Amino acid sequence: MFSKKLIWAFLFIFIFLSITALLENMPAPKNKRVYEAILPYFPYKITKELGGIDIVDKKTGKDLDIANAKVYQAYDEMLRKWGKTHLRVDGDKLLILDDNQKVVKSLTLNEKEKKWVEEFFGKD
């Protein structure tokens, strides 16, 4: 039959793989004030569905049908890509731009917030 060591080995392998999968699919840390100021202008949102969660385009209402395990990673990647064209750092101000590159909102940043924007979006 099975030895107790084999059962313990399977248990530890299962726990290790579960924790690894959890950590891989966690969203990147965000600065709450800046993130909440940006979200109304970001054209996608995360919604709960019967089968889990998904990303929805705010303009068309269309589901993007991304696997539940990858939703947060895909959302962060889409936010970064959008931020490269719709966010501009000007001194200590963050300018949020629309699709026509016109400023729709300006936000004054402290050093911690500015550092987060530069790291998360790759802004200089």
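A brief report on the enclosed structure follows. (Residues numbered from 1 in each chain as written. Predicted model: local features only at pLDDT ≥ 70, side-chain atom pairs only at ≥ 80, totals over all residues. Heavy atoms only, no water.)

1. Some remarks on the pattern of salt bridges
Stage number 1. Evaluation of the coordinates by the stated rule reveals three salt bridges.
Stage number 2. With a closest N to O distance of 2.6 Å, Glu113 and Arg33 form a salt bridge. Residue Glu113 is located in helix α4 (residues 111-121), and its partner Arg33 is located in helix α2 (residues 32-38); the two are separated by 80 residues in the primary sequence.
Stage number 3. Residue classification places Glu113 among the buried residues on the basis of a relative accessible area of 5%.
Stage number 4. For Arg33, a relative accessible area of 38% corresponds to the partly exposed category.
Stage number 5. When the shortest N-O distance is used, the salt bridge between Lys59 and Asp99 registers 3.0 Å. Pair noted here: Lys59 is in the loop between β2 (52-57) and α3 (71-86) and Asp99 is in the loop between β4 (93-97) and β5 (103-108), with a separation of 40 residues, a long-range link. Asp99 matches Lys59 in its accessibility class, with the two residues each being exposed. (Salt bridge = Lys/Arg side-chain N within 4 Å of Asp/Glu carboxyl O. Helix = DSSP H or I, 4+ residues; strand = E, 2+ residues; numbered from the N terminus. Buried < 20%, exposed > 50% of the residue type's maximum accessible area, 1.4 Å probe, protein only.)

2. Quick word on the nonpolar core
Stage number 1. Grouped together as the largest cluster of nonpolar side chains are 22 residues, with contacts concentrated most on Val34, Ile38, Leu79, Leu94, Val117 and Phe121.
Stage number 2. When residues of this core are traced back to their parent elements, those giving at least two are α2, β2, α3, β3 (87-90), β4 and α4.
Stage number 3. The element best represented in this core is α3, accounting for five residues.
Stage number 4. Once residues lying within four places of it in the same chain are set aside, the contact partners of Ile38 are Leu79, Trp82, Leu87, Leu94, Ile96 and Phe121. (Core = buried A, V, L, I, M, F, W, Y, C linked by side-chain atoms within 4.5 Å. Contact = heavy atoms within 4.5 Å.)

None of the figures reported here should be taken as evidence of function without further support.
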